[in-house]
Amino acid sequence: MLGDKKVSYSAMQSTGTLTLGNYLGALDNWLKMQEEYECFYAIADLHSLTIRQNPTELRQRARDLYILYVAAGLDPKKNCIYFQSHVSAHAELAWILNCFTYMGELNRMTQFKDKAAKHSDNINAGLFTYPTLMAADILLYQADVVPVGADQKQHLEITRDIANRFNGIYGDVFTIPEPYIGKATAKIMSLQEPTKKMSKSDENPNSCILLMDDTDTIIRKFKRAVTDSDMEIRYSDEKPGIQNLINIYSCITGKTVSEIENEFDGKGYGEFKIAVGETVADRLKPLQDRFYELKKDKEYLNGVIKENDEKAAYFANKTLRKVQKKVGLTERNR
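Counting restarts for each chain: residues are numbered from 1 in the order of the written sequence. Confidence filtering applies because this is a predicted model: local features only for residues at pLDDT of at least 70, side-chain atom pairs given and counted only at 80 or more, and all residues used for totals across whole chains, interfaces and linings. Hydrogens and water are ignored here; the side-chain numbers use all heavy atoms of the structure.

Q: Looking at this structure, I do not really get the nonpolar core. What am I missing?
A: One broad rule of soluble globular proteins: the nonpolar side chains tend to lie buried together. Counting residues in hydrophobic clusters, the biggest one holds 59 residues, and the most contacted among them are Leu27, Tyr66, Tyr69, Phe222, Ile248, Phe272 and Val280. Within the residue set of this core, elements represented by two or more residues are α1 (20–33), β2 (38–43), α2 (55–72), β3 (80–83), α8 (215–223), α9 (240–253), α11 (269–296) and α12 (298–327). The nonpolar core is taken to be a set of buried Ala, Val, Leu, Ile, Met, Phe, Trp, Tyr and Cys residues, with the residues joined through side-chain atoms within 4.5 Å. A simple rule labels every residue: compare its accessible area, found with a 1.4 Å probe on the protein chains alone, to the largest value its type can have, and call it buried under 20%, exposed over 50%, or partly exposed in between. Of all hydrophobic cores here, the second largest spans 41 residues; its members include Leu106, Leu133, Phe166 and Val323. Helix numbering and strand numbering both begin at the N terminus, where a helix is a DSSP run of H or I of at least 4 residues and a strand a DSSP run of E of at least 2.

Q: Explain the packing of α2 against α11 to me, please; I cannot follow it from the model alone.
A: A pair of packed helices is characterised by two quantities: the angle between their axes and the separation of those axes. Relative orientation of the contacting elements α2 and α11 amounts to 125°, with a least axis distance of 9 Å. Classified by the angle between their axes, α2 and α11 sit oblique to one another. The hand of the α2/α11 crossing is right-handed. Of α11, the residues touching α2 (which contributes Gln60, Asp64, Ile67, Leu68, Val70, Ala71 and Ala72) are Leu287, Arg290, Phe291, Leu294 and Lys295. For the contact of α2 with α11, the class distribution of residues is 8 nonpolar, 1 polar and 3 charged. Between N-to-C directions, angles span 0 to 180 degrees; the directions come from axes that are lines fitted to C-alpha atoms, helices contributing only their stretch in contact. Just so you know how the angles are binned, under 35 degrees is roughly parallel, over 145 roughly antiparallel, 65 to 115 roughly perpendicular, and the rest oblique. Handedness of a crossing follows from how the near helix is turned relative to the far one, being left-handed for an anticlockwise turn of less than a right angle and right-handed for a clockwise one. The contact rule is simple, with two residues in contact once any of their heavy atoms fall within 4.5 Å. Put simply, Ala, Val, Leu, Ile, Met, Phe, Trp, Tyr, Cys and Pro go in the nonpolar bin, Asp, Glu, Lys and Arg in the charged bin, and everything else, Gly too, in the polar bin.

Q: For this particular structure, what's the right way to read helix α6 (residues 125–140)?
A: Each α-helix winds once per 3.6 residues, and so residues spaced three or four apart point in a common direction. A helix's residues, less one, multiplied by 1.5 Å, set its expected span. Over its 16 residues, α6 runs 22 Å from end to end, which matches the ideal 22 Å to within 8%, given 1.5 Å per residue. A residue's bend is given by the angle between axes fitted to the 7 residues ending at it and the 7 residues starting at it. Of all bends in α6, the biggest is about 40°, found at Pro131. Taken across its 16 residues, α6 has 13 buried, putting it largely inside the fold. Between N or O atoms, a polar contact is any pair within 3.5 Å; within protein, one atom must be a potential hydrogen donor and the other a potential acceptor, and residues adjacent in sequence are included only when both atoms are from side chains. A distance of 3.1 Å separates the backbone nitrogen of Gly126 from a side-chain oxygen at the start of α6, and that oxygen is part of Asn124.

Q: Would you mind showing me how to read the packing of aromatic side chains here?
A: Aromatic ring pairs: the centre-centre distance and the angle between the two ring planes describe each pair. In this analysis, rings of Phe, Tyr and Trp, with Trp reduced to its six-membered ring, are considered paired at centre separations within 6.5 Å, and the interplanar angle assigns stacked below 30 degrees, edge-to-face beyond 60, and tilted for intermediate values. Taken as a whole, this structure holds 17 aromatic pairs when the rule is applied. Note on Trp30 and Tyr69: the rings are 5.5 Å apart at their centroids and 75° apart in plane angle, and the pair reads as edge-to-face. Highlighted residues: Trp30 in helix α1 and Tyr69 in helix α2, separated in sequence by 39 residues. Its relative accessible area of 0% is what places Tyr69 among the buried residues. Relative to Phe174, the ring of Phe166 lies with its centre 5.1 Å away and its plane at 50°, an arrangement referred to as tilted.

From the geometry alone we can't say anything about function, so treat these as descriptive.
Encoded structure:
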């Protein structure tokens with residue numbers, strides 16, 4: 001806990017442009033947390049290295065993701081927004097935690113199995129020990145809460161196990177993080193396969209809305225969204241395409257499902273799709289304008305990045321020094 005506020009930790013990988021699903025499912029919730037918590041928001045560029053990256057593209061995507069955080073409304077004066085790779089304590093603590101993590105625990109991680117299946121030509125040690133780096137990310141800042149989706153719950157569980165094991169040997173070194181369950185938001189699904197989650201890694205470009213898509217592209221993608229043949233705008237598990245569009249429209253407008261069904265009663269799918277597309281485009285336009293404005297202001301960005309990197313390093317190194325002392329590493333002359 002820093003001062004009177006509890007600490008929250010969140011991060012996203014810099015492996016591609018964020019989608020509407022990332023925005024509504026994660027980023028929008030982060031905005032609501034910045035007043036209540038002391039928040040650390042990382043660009044998880046070290047995690048991105050488990051998959052082969054084009055160096056130039058990775059650097060640009062990481063910086064663009066930083067700009068998107070700020071453009072979306074995360075205040076770099078109220079929050080600590082930093083690059084994971086700029087704080088060496090992440091890698092240093094990850095090694096120590098590797099020595100307190102069991103092979104059997106890592107073998108059970110479903111994300112490793114999923115990624116190993118997708119990248120069978122590059123099943124590297126980093127992919128296997130990914131959870132210990134994630135544990136280091138969280139534990140360095142003594143996070144009280146971590147906003148997690150369903151696909152990250154297992155990583156938080158192993159983080160808690162590692163922290164409890166370490167504390168059991170050396171005393172109360174780490175805060176044991178709890179999952180943060182924010183206001184329930186509907187999962188945003190693929191526009192082309194509405195039974196699958198919207199993903200930036202989907203090979204079909206029409207399946208997802210990227211945060212930087214222009215208005216024409218957004219409306220075109222919604223026009224092509226897969227629906228069904230009965231033409232009734234009704235919320236039902238039997239109508240996953242329409243259900244997904246209603247969820248998106250509800251998240252953006254704040255209207256209830258029944259209000260949306262009444263609004264579009266008797267209207268066709270074509271009209272509904274355009275309405276959803278226009279609403280999404282209107283919501284994203286201010287974020288996009290702010291993104292391009294910030295991208296031009298290199299002096300401001302570089303100053304904010306330096307200030308936040310230093311803040312992150314200060315808190316991370318406090319924890320790292322404590323851990324190093326506990327395990328018996330020789331103290332450094334500073």
